[in-house]
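Next come the chains, spelled out residue by residue.
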Amino acid sequence: MRKIDAVKKLDAVFTAPPSKAHTLRALFISSLADGKSFLRNALYAEDQKHAANALASFGAGIDFDGLDFTVHGTAGKFNAPRKEVFVGNSGVTARFLVPIAALAKGDSVITGDSRLKERPVSGLVSALDNLGVEAEASDTGSFPVNVKGGGFEGGQTSVEGSKSSQFLSAILVAAPYTEKGVLAKVSGELKSRPYVNITIDCMKSFGVSCVNHDYRDFFVKGKEMYKAQDYAIEGDYSSASYFFAAAAIIGGKARVNNLNPYSSQGDKKFLELVSKMGCSVKKGKGFVEVKGKPMKGISVDMADCPDIVPSIAVVASVAKGKTKITGISHLAAKESNRIESVAKNLEKCGVKCKHGSDFLEIDGGKPHGIAIDSFNDHRIAMAFSVLGLKTGGMSIADEKVVAKSFPNFFGELENAYEGKK
């Protein structure tokens, strides 16, 4: 049980962990590459451990020395593991593995925990079917997925964009190793576009180009190969958002180091949102600083930055007036149904909150501390822990859930009580 006490004055320095999204994509791409890659300043959290173990089971050589990953790539020559590949609740790992398994010799089964078995994958399986991949999802359209190896020819396909951008990213990462290349046309609205940008940028860093036509269709040439790289991973704006939220909620100052102020990460939008609400933002070399000021509610479409919805929701809970967050239907299929998880916890904190399949509407007020139900979701646990710095009396029963993306979150949060280092 982690208890969160109130902070009367915040003037602290925090350090952002390495980017979750960059580390995961670099692990997959370097495992496909020819040669030995070094992934510098890498995140080593639960999802990365699952990805590393899974890719090793397909034949990649992966070591972590406490700071960097060393990856001995396979040049695209994978062998299917004899056992089922278990990836916990790592949606990126599970979905990226499906086309990887299609490249391998032999058949594979990709599975995970009970929540992963509720998360959608049928859209990815259908898209891969048009590319010559034989894969079968469960009767509910989720995991486990059975994949027949040696059958990724490539060609043209349609990819569903509204459920998860990971369907598209998974196909793009494996596409260079197809015979024909891949032309992927997006059907519906493509959510979380910045994560696709991260995928494409990472591919380019390892020597493969992807042509993006206005987020409607994407093309990658076949019979290509990633080249091993020495690849530096930047700090994570999703994780940094909790410390920026602390400054906004308390009305203090938070500087977060290990951040690229010019990053293309979509979750950098958090700075724009708190600025619109009334806070001030300062950017420097390797850091960003937020000063909290009296805030007002806003209306915002967050289709492209779903991971910071819990962070902005707790900020909205203390802002004056109403905040309406839209474009978030895909949050229902995250580690928890984050629309419901956020709404239920805010209501328990005494905050008026309405929610539907695609929106959250929050009336700012004076929340109080409670025993938080994180719904086994790291982002819910971290967001409401930060709100506890304002309310006091907040407790997190399953504090270890933060290990999915930020193992040292509570250690870093202690800086709120200590002031500047």
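As shown above, the structure is provided for reference.
Keep in mind that this is a model prediction, so the values were computed, not measured. (Residues numbered from 1 in each chain as written. Predicted model: local features only at pLDDT ≥ 70, side-chain atom pairs only at ≥ 80, totals over all residues. Heavy atoms only, no water.)

Trainee: It is not clear to me how the pattern of salt bridges should be interpreted in this structure. Could you clarify?
Mentor: Between side chains of opposite charge, a pair can form as their charged atoms come close. Tallying each qualifying case throughout the model produces 20 salt bridges. For Glu-399, the salt bridge identified is with Arg-2, shortest N-O distance 3.2 Å. Placement of the pair is Glu-399 in the loop between strand 23 (394-396) and helix 12 (409-413) and Arg-2 in strand 1 (residues 2-4), with a sequence separation of 397 residues. Relative accessible area serves as the criterion here: at 26%, Arg-2 is assigned to the partly exposed category. Here Lys-324 ties to Glu-361 by a salt bridge, and the two come within 4.0 Å at their closest N and O atoms. (Salt bridge = Lys/Arg side-chain N within 4 Å of Asp/Glu carboxyl O. Helix = DSSP H or I, 4+ residues; strand = E, 2+ residues; numbered from the N terminus. Buried < 20%, exposed > 50% of the residue type's maximum accessible area, 1.4 Å probe, protein only.)

Trainee: Looking at this structure, how should I read the packing of helix 1 (residues 20-32) against helix 5 (residues 166-174)?
Mentor: A pair of packed helices can be characterised by two numbers: the angle between their axes and the separation between those axes. Contact geometry of helix 1 with helix 5 gives a least axis separation of 10 Å together with a crossing angle of 25 degrees. Comparing their axes, helix 5 and helix 1 come out roughly parallel. When you trace helix 1 past helix 5, the crossing you get is right-handed. Contacts from Arg-25, Phe-28, Ile-29 and Leu-32 in helix 1 reach Ser-169, Val-173 and Ala-174 in helix 5. Taken together, the residues of the contact of helix 1 with helix 5 sort by class into 5 nonpolar, 1 polar and 1 charged. (Axes fitted to C-alpha atoms, helices over the stretch in contact; angles between N-to-C directions. Parallel < 35°, antiparallel > 145°, perpendicular 65-115°, else oblique. Left-handed = near helix turned anticlockwise from the far one by under 90°. Contact = heavy atoms within 4.5 Å. Nonpolar A, V, L, I, M, F, W, Y, C, P; charged D, E, K, R; others polar.)

Trainee: Sorry, what's going on with the pairing of strand 11 (residues 182-187) here?
Mentor: On any regular strand, side chains alternate: one points to one face of the sheet, the next to the other face. Covered by surrounding structure in strand 11 are Val-182, Ala-184 and Val-186 only, the residues Leu-183, Lys-185 and Ser-187 on the alternate face being uncovered. Pairing geometry for strand 10 (residues 155-160) and strand 11, over 6 bridges, is parallel. Across the sheet, Gln-156 pairs through a bridge with Leu-183, a residue of strand 11. Note that the unit made of strand 10, helix 5 and strand 11 has a crossover that is right-handed. (Pairing = 2+ DSSP bridges. Right-handed = clockwise from strand over helix to strand, strands pointing away.)

Trainee: Before we go on, may I ask you to explain the packing of helix 1 against helix 3 (residues 91-103) in this structure?
Mentor: Contact pair helix 1 / helix 3: the axes reach a minimum separation of 11 Å and the direction vectors enclose 10 degrees. In terms of orientation, helix 1 lies roughly parallel with respect to helix 3. Viewed along their axes, helix 1 and helix 3 form a crossing whose handedness is right-handed. Contacts from Leu-24, Arg-25, Phe-28 and Leu-32 in helix 1 reach Val-92, Thr-93, Phe-96, Leu-97, Ile-100 and Leu-103 in helix 3. In the contact of helix 1 with helix 3, the residues fall into 8 nonpolar, 1 polar and 1 charged.

Trainee: Please explain the nonpolar core as it appears in this structure.
Mentor: Across soluble globular proteins, nonpolar side chains show a tendency to be buried alongside one another. Among the nonpolar cores identified, the biggest contains 73 residues, and Leu-39, Leu-97, Phe-152, Leu-168, Leu-172, Phe-218 and Tyr-226 are the most heavily contacted of them. Sorting elements by how many residues they give to this core places helix 3 first, with 9 residues. Residue contacts for Tyr-226: discarding those within four places in its chain leaves Ile-29, Leu-32, Ala-33, Asp-34, Leu-172, Val-173, Pro-176, Tyr-177, Met-203, Phe-206 and Val-208. (Core = buried A, V, L, I, M, F, W, Y, C linked by side-chain atoms within 4.5 Å.)

Trainee: Explain the sheet that holds strand 22 (residues 371-372) to me, please; I cannot follow it from the model alone.
Mentor: The strands making up a sheet associate through backbone hydrogen bonding, with each pair oriented either parallel or antiparallel. With mixed pairing, the 3 strands of this open sheet are ordered in space as 1-23-22. Lying at the two open borders of the sheet, with one neighbouring strand each, are strand 1 and strand 22. The pairing of strand 22 with strand 23 spans 2 bridges and is parallel. Residue Ala-371 lies in a different strand from strand 23, and its bridge partner there is Ser-395. With respect to the sheet, helix 11 (residues 378-391) is in contact with strand 1, strand 22 and strand 23, its orientation differing from that of strand 23 by roughly 155 degrees.

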